[in-house]
Amino acid sequence: MDPTIIGSPRAEVRGGRITALSGDASIAHLTVGSDPIVIGRHTGCAMVLFDKKVSGTHLEVMATEYGLRVRDLGSRNGTYLGEHRVIELLLTKPATLRCGDTTVELRPGKPERVPLSKSDRFGPLTGATPHMRALFEKLRVIAPTGLSVLIHGETGTGKELVAQAIHEASDRARRPFVIIDCGAIPASLAESTLFGHEKGAFTGAGAKRASPFVEASGGTVFLDELGELPLDVQPKLLRVLAEQRVKSVGSNRYEPVDVRVIAATRRDLPQEINQGAFRDDLYFRVAQARIDLPPLRERPDDIAPLVRRFLDELGKSTAFRRITPESLDRLQRYDWPGNVRELRNLVPLAMAFDRGGPIDFAEHIGERPPTEARRPRAASHDGTYADSKREHDKAFFTALYEATEGNLAEMARRAEINRETVRIYLRQLRLGEYGRR
């Protein structure tokens, strides 16, 4: 089906300007647009603050339709607005922030028009909302360049599809698109999996294995879940990206490669840098361009076009006319913890039960009320505090387990606690496979 052409291909965001008022900075002023910019002590930051009390990646600023969004990145000494420590805020008026011993002024500007794609599709991607059409226009501009790209988004938002779309719209489209799932690599095999190995390089290396970077020569390497890569392997990956050459385990010879790198993660890597879990130099090398994918719950108007496309792919495009309005309304109110992937899986399931009459897709996502069903209910005031806390913990972790389908890493990320703590709660509450151990 041909892409839909949409009129009025423009939207507005309200950016502004950052000015260093005190302290030593790499530049005096910085214009803020819709792409997030990082301010901190690392030389890769858009504005470098030469202040020992400032973290490597201290804060992030970007333009939104409502004003300047400011987000502290887990900095060691914090970001302050007066006496108030900032976690995240939206500025609509000028304000002065303190980072360490440095002060910066953020001054929101007038609304500015942002170009949107005229199409509601980009390669395998579909979206008619302004957010997605702005994303498609950005991808159209980035794709022909040689920039490394970092894609950030929740599980199921379509990060691999975005990488594929960039590759297919580039001049490397006829060359290989090689996927490396960093989250599935055992730590002990990370180096040989990424860079290859020679025969006999280690126990079990019975044959030579070429690096995926060599196999993708002339094409694109997609590093999925980059944030899961062991810290000790990260500098070796940085060297490959910077020098465009690779040395396999057990070899003394470097082999030249010609690849574009696109990476994806569901982790907040700028924050991971401040926690010592990710290298700042690798982040800035990979994130020459950054793509942030919105979760499906934040773009419910895209659900109907997505359902239509998935039906087209099944060869059942006429079935869309039989979906009841009530069903579409429930789909739009559901919170979609599995994002687009969950919706894609729902469509063939619903069609398997189709008998030719009206179709209620929503009946296959369960009968619980959307969104509210995944919030823990309020604790009772009866009983002791310990009883109340146990009741809250059970409701919270049960909902979290269901929302993430038992994905331990995702549970830890959403709850903002470490994985071992999550395991302890799951054992105590006897949830899933962890509760049986």
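Residues numbered from 1 in each chain as written. Predicted model: local features only at pLDDT ≥ 70, side-chain atom pairs only at ≥ 80, totals over all residues. Heavy atoms only, no water.

### Some points on the nonpolar core
In this structure, Leu194, Phe195, Phe213, Leu223, Leu226, Leu237 and Tyr283 are the most contacted members of the largest nonpolar core, which totals 36 residues. Listing elements by their share of this core, those giving two or more residues are strand S15 (177–181), helix H3 (190–195), strand S16 (220–224), helix H5 (234–243), strand S19 (260–265), helix H6 (269–274) and helix H7 (280–286). If near-sequence neighbours (up to four positions away) are discounted, leucine 194 is found in contact with Ile180, Ser211, Pro212, Phe213, Leu223, Leu229 and Val233. (Core = buried A, V, L, I, M, F, W, Y, C linked by side-chain atoms within 4.5 Å. Buried < 20%, exposed > 50% of the residue type's maximum accessible area, 1.4 Å probe, protein only. Helix = DSSP H or I, 4+ residues; strand = E, 2+ residues; numbered from the N terminus. Contact = heavy atoms within 4.5 Å.)

### Some details on helix H9 (residues 325–333)
Side chains that are three or four residues apart share a direction in an α-helix, a result of its 3.6 residues per turn. Taken together, the buried positions of H9 are occupied by Ser327, Leu328 and Leu331. The arc that holds the buried residues of H9, viewed along the axis, is 100°, so those residues lie on one side. Set apart from the buried face of H9 by more than 90 degrees, the exposed residues are Pro325 and Glu326. For H9, the secondary structure elements touched by its buried residues are helix H8 (303–313) and helix H10 (339–352). (Arc of directions from axis to C-beta.)

### Observations concerning the layout of surface pockets
The volume enclosed by the second largest pocket comes to roughly 470 Å³. Lining the second largest pocket are 22 residues, and of these Thr155, Gly156, Lys159, Asp224 and Arg341 lie nearest its centre. Of all the secondary structure elements, the ones that give two or more residues to the lining of the second largest pocket are helix H2 (159–168) and H10. Considering every element that reaches the lining of the second largest pocket, the biggest residue donor is H2, with four residues. Looking at side-chain class alone, the lining of the second largest pocket contains four nonpolar, seven polar and eleven charged residues. (1 Å grid on protein atoms, 1.4 Å probe; cavity = no way out; pocket = protein on both sides within 12 Å on 5 of 7 lines; lining within 4 Å. Points joined across faces, edges and corners; volume = space filled by probe spheres on them. Nonpolar A, V, L, I, M, F, W, Y, C, P; charged D, E, K, R; others polar.)

### Re the pairing of strand S9 (residues 88–91)
The alternating pattern of S9 places Leu89 and Leu91 on a buried face and Glu88 and Leu90 on a face that is not buried. Pairing of strand S6 (residues 68–72) with S9 involves four bridges; the strand directions are antiparallel. By the bridge assignment for S9, leucine 68 is matched with leucine 91. (Pairing = 2+ DSSP bridges.)

### Digging into the environment of aspartate 258
Take aspartate 258: it is sitting in the loop between strand S18 (255–256) and S19. The exposure class assigned to aspartate 258 is partly exposed, which follows from its relative accessible area of 39%. For the pair formed by aspartate 258 and glutamate 243, sequence separation is 15 residues and the distance between their alpha carbons is 10.0 Å. Once residues within four sequence positions are removed from consideration, aspartate 258 is found in contact with Arg172, Ala216, Ser217, Gly218, Gly219 and Gln244. Separated by 2.9 Å, the side chains of aspartate 258 and arginine 172 make a polar contact. (Polar contact = N/O pair within 3.5 Å; in protein donor to acceptor, adjacent residues only side chain to side chain.)

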